[in-house]
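# Structure at a glance
The lines below spell out each chain.
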Amino acid sequence: MKQSFIIFSVLFYISCSNFSDEHFGLVIHGGAGTITRENMSAEKEAEYISKLSAALKTGYEILEKGGSSLDAVEATIRVMEDSPLFNAGKGAVFTGEGTNELDASIMDGETHQAGAVAGVKTVKNPITAARKVMEETQHVLLAGDGADVFANEQGLEIVPNSYFHTERRFKSLMKAKEKEIEKHGTVGCVALDKKGNLAAGTSTGGLTNKRWGRVGDSPIIGAGTYASNETCAVSGTGQGEYFIRGSVAYDIAAQMDYEKKSVQDAAQAVVDKLTDRGGTGGVIAMDGKGSFAMPFNTEGMYRGYYFSDSELTVKIYKD
Ligand code: ASP
């Protein structure tokens, strides 16, 4: 009798705890661009899949333990920043002058607080510097030397600019100088935690062969990144100038807010608009219920998702 009561209690507890657990999870991107099966070796493909999966697992574990969407976004992006595979952190592309200048931003959908850095040259993890700007200053965006000095003052890991020098990106710069090529590879993450709070973040090295001092959409709130619990969390990747002119991330939120569109319809409409204007790229967008979309108009986009009710999924090509 006593035994069956214990078993019953345990089963009751398990079923209650399952019911009380909110839907949570995250969506990531590792950049959109000319990514085709023909141009990808099996080895490289496996490396991308493994690193995207590791990033998703990092964020998922934080959310599973009841951590915030902000913590998940920051930690997930750091995994991709530390990998030479992506155009963010370690794998950042080069400016036309042969230096690396990095941009990043983060936004909290619950409070609408946001932080960003632009053109940093010595911060190992720009996404963490962006979060520090959000939490430790009255400002939203710090740029250039002021942002580097701030990150140092905050005790973040500082590296020489040469840390960002990778042979692969240097060759891209050389190629770009011969003939304009485009290189995408920005990273981004949107997450929903158990409390129902959304957050978004984006980190990039920008565009290969960009003018020094050029700032893209990634650190611009409303262009490359946006989050509001009332609508959605968004991170974009593509030709930043088009994303800034189109206020792409906020446009998705606005269409959901004013036109009551679903996140899928709003995100697709904004990518269609990008196409009409001649821009390339893609977005990841998620609403407060964990419904999401990952549209893009390029040949491929490194992307993936992992939710409490779904398997970890990683995709690269259009299909
Ligand atoms: N959007 C980034 C920028 O323009 C580049 C990218 O996503 O690849 O800086």
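Refer to the structure presented above.
Overview of the structure. Source: prediction; values computed, not measured. (Residues numbered from 1 in each chain as written. Predicted model: local features only at pLDDT ≥ 70, side-chain atom pairs only at ≥ 80, totals over all residues. Heavy atoms only, no water.)

For the chain, the helix and strand inventory stands at nine helices and twelve strands. Taking 20 Å as the expected radius of gyration for a compact globule of 319 residues, we find that the chain reaches 20 Å, a close match to that expectation. Seen along its three principal axes, the alpha-carbon backbone of the chain occupies a region of about 80 × 45 × 45 Å. Out of the 319 residues in the chain, the part that is buried amounts to 55%. Here the chain holds 33 positive side-chain charges and 42 negative ones, and the gap between their average locations is 4 Å. (Helix = DSSP H or I, 4+ residues; strand = E, 2+ residues; numbered from the N terminus. Rg over C-alpha atoms; globule rule 2.2 N^0.38 Å. Buried < 20%, exposed > 50% of the residue type's maximum accessible area, 1.4 Å probe, protein only. Lys, Arg positive; Asp, Glu negative; His and termini not counted. Charge placed at Lys NZ, Arg CZ, Asp CG, Glu CD.)

Okay, the sheet that holds strand 2 (residues 102-108) next. Taken together, the eight strands give an open sheet; going across it, the order is 4-3-2-6-5-1-11-12, and neighbouring strands pair in mixed fashion. A single partner strand is all that each edge strand has here, and the edge strands are strand 4 (141-143) and strand 12 (313-317). Sheet twist, expressed as the mean angle between neighbouring strand axes with direction ignored, is 10°. The sheet strands contacting helix 5 (residues 144-153) are strand 3 (114-120) and strand 4, and the helix crosses strand 3 at an angle near 115°. (Pairing = 2+ DSSP bridges. Axes fitted to C-alpha atoms, helices over the stretch in contact; angles between N-to-C directions. Contact = heavy atoms within 4.5 Å.)

Here we take up the nonpolar core. Leu26 and Ile28 are the most contacted members of the largest nonpolar core, which has 48 residues in total. Not counting chain neighbours up to four residues away, the residues in contact with Ile28 comprise Leu52, Ala55, Leu56, Thr76, Met80, Gly188, Cys189, Ile284, Tyr302, Arg303 and Gly304. Counting residues in each nonpolar core, the second largest holds 35 residues, with Phe243, Met256, Val263 and Met301 among its members. (Core = buried A, V, L, I, M, F, W, Y, C linked by side-chain atoms within 4.5 Å.)

Applying the stated criterion to the full structure yields two cavities of 30 Å³ or more. Taken as a whole, the second largest cavity holds about 50 Å³ of empty space. In terms of lining residues, the second largest cavity is bounded by Tyr242, Gly246, Val248, Asp251, Val270, Lys273, Leu274 and Arg277. For the lining of the second largest cavity, the secondary structure elements donating two or more residues are helix 8 (248-258) and helix 9 (263-276). (1 Å grid on protein atoms, 1.4 Å probe; cavity = no way out; pocket = protein on both sides within 12 Å on 5 of 7 lines; lining within 4 Å. Points joined across faces, edges and corners; volume = space filled by probe spheres on them.)

Within the open sheet, the four strands sit side by side as 7-8-9-10. Their pairing is antiparallel. The open sheet has two edge strands, strand 7 (225-227) and strand 10 (292-293), and neither has a second partner. Examined bridge by bridge, strand 7 and strand 8 (residues 232-238) share three bridges and lie antiparallel to one another. Paired with Thr225 across the strands is Ser235, a residue of strand 8. Along the sheet face, helix 8 touches strand 7, strand 8 and strand 9 (281-287) and points at about 145° away from the line of strand 8.

Below, the discussion takes up the site of the ligand. Surveying the vicinity of the ligand reveals 13 residues, the closest of which are Thr186, Arg214, Asp217, Thr237 and Gly238. In the model, a nitrogen atom of the ligand is placed 2.7 Å from a nitrogen or oxygen of the Gly238 main chain. At a separation of 2.9 Å, an oxygen atom of the ligand approaches a polar backbone atom of Gly240. Here the ligand has 270 Å² of accessible area as a free molecule, and 100% of this is covered by the chains. (Near = heavy atom within 4 Å. Polar contact = N/O pair within 3.5 Å; in protein donor to acceptor, adjacent residues only side chain to side chain. Areas by Shrake-Rupley, 256 points an atom, 1.4 Å probe, with all protein chains shown as cover.)

Turning next to unusual backbone geometry. Backbone geometry places His112, a non-glycine residue, at a positive phi of 65°. Positive phi, normally seen in glycine, also occurs at Asn209, with a value near 70°. With respect to the helices and strands, Asn209 occurs in the loop between strand 6 (198-204) and strand 7.

Within the element layout of this structure, Arg303 appears in strand 11 (residues 300-307). Residue class for Arg303 comes out buried when judged on its relative accessible area of 4%. Only 2.7 Å separates the side chain of Arg303 from the backbone oxygen of Met301, close enough to count as a polar contact. Filtering out sequence-adjacent residues up to four positions away, Arg303 remains in contact with Ile28, His29, Leu52, Met294, Phe296, Thr313, Val314, Lys315, Ile316, Tyr317 and Lys318.

Next up on the list: the side chain of Asn125. Tracing the backbone through its elements, the reader meets Asn125 in the loop between strand 3 and helix 4 (126-136). If near-sequence neighbours (up to four positions away) are discounted, Asn125 is found in contact with Arg78, Glu81 and Asp82.

The subject of this paragraph is the packing of aromatic side chains. Throughout the structure, instances matching the rule amount to eleven aromatic pairs. With a centroid separation of 5.3 Å and an interplanar angle of 75°, the aromatic rings of Phe94 and Phe170 are classed as edge-to-face. Residue Phe94 is located in the loop between helix 3 (69-81) and strand 2, and its partner Phe170 is located in helix 6 (residues 167-178); the two are separated by 76 residues in the primary sequence. On the basis of relative accessibility, which here comes to 1%, the residue Phe94 falls in the buried class. In this structure Phe170 comes out as partly exposed when scored by relative accessible area, which is 26%. Through a chain of ring-to-ring contacts, three or more aromatic side chains come together here, namely Phe24, Tyr60 and Tyr306. (Phe/Tyr/Trp six-rings, centres within 6.5 Å; stacked < 30°, edge-to-face > 60°.)

That's the geometry; what it means functionally is another story.
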